[in-house]
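If you want the building blocks of each chain, they are given just below.
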Amino acid sequence: MSQQKSNTTTGKIAVVGERELAIGYNLLGIEDTFITSGDDASKTIQDLFSSGTYSLIIISDAVRTSLPAIFRKKIEASIEPLVIFMPALEGNIQEESISVLAKRVLGISIPSS
């Protein structure tokens, strides 16, 4: 008899980052948005990640750089919850960052033109 792994997450989405990112997702209907940076961001993300409440955690790239390297590697490799990093909303979004994101999240390569 095979045992199925029980899914402990609820399908909820959390967003952590700058004010603009959090407000944007809040306007889309995501209730769990956290405006934070630095050490506060690291603690918030660790709490969200270990809570078992979220299936998806969206983190701004700026917050990503403030995370301890060991924890950052752990969440980058995580599938449950899935953690994705959003590029900064200012300036040009580079094709390379989108390709890297697609490769990591979807497992597909997007050739740049």
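Residues numbered from 1 in each chain as written. Predicted model: local features only at pLDDT ≥ 70, side-chain atom pairs only at ≥ 80, totals over all residues. Heavy atoms only, no water.

A. Just the side chain of Thr44, in detail. Along the polypeptide, Thr44 turns up in helix α2 (residues 38-51). The residues contacting Thr44, other than those within four sequence positions of it, are Val16, Phe34 and Thr36. (Helix = DSSP H or I, 4+ residues; strand = E, 2+ residues; numbered from the N terminus. Contact = heavy atoms within 4.5 Å.)

B. Structural detail: the environment of Asp39. Of note, Asp39 is situated in helix α2. Exposure remark for Asp39: the relative accessible area of 68% places this residue in the exposed category. (Buried < 20%, exposed > 50% of the residue type's maximum accessible area, 1.4 Å probe, protein only.)

C. Quick look at the environment of Glu20. Relative to the helices and strands, Glu20 is located in helix α1 (residues 19-27). Accessibility expressed as a relative area gives 52% for Glu20, which makes it exposed.

D. Molecular detail of the packing of aromatic side chains. Per the stated rule, a full pass over the model turns up one aromatic pair. Taking the centre distance of 5.9 Å and the plane angle of 90° together, the rings of Phe49 and Phe71 count as edge-to-face. Placement of Phe49 in helix α2 and of Phe71 in helix α4 (residues 69-76) is noted, with a sequence separation of 22 residues between them. Side by side, Phe49 and Phe71 carry an identical accessibility label, which is buried. Lying across the ring of Phe85, Arg64 places its NZ or CZ 4.4 Å from the centre. (Phe/Tyr/Trp six-rings, centres within 6.5 Å; stacked < 30°, edge-to-face > 60°. Lys NZ or Arg CZ within 6 Å of the ring centre and 35° of its normal.)

E. How the structure looks around the sheet that holds strand β2 (residues 32-35). Taken in spatial order, the four strands line up as β2-β1-β3-β4 in an open sheet, and their pairing is parallel. Strands with a single pairing partner mark the edges of an open sheet, and in this sheet they are β2 and β4 (82-86). Averaged over neighbouring strand pairs, the angle between their axes works out to 15° when direction is ignored. Two strands pair when backbone bridges link them, and strand β1 (residues 12-17) and strand β3 (residues 54-60) are joined in this way by five bridges, in the parallel orientation. (Pairing = 2+ DSSP bridges. Axes fitted to C-alpha atoms, helices over the stretch in contact; angles between N-to-C directions.)

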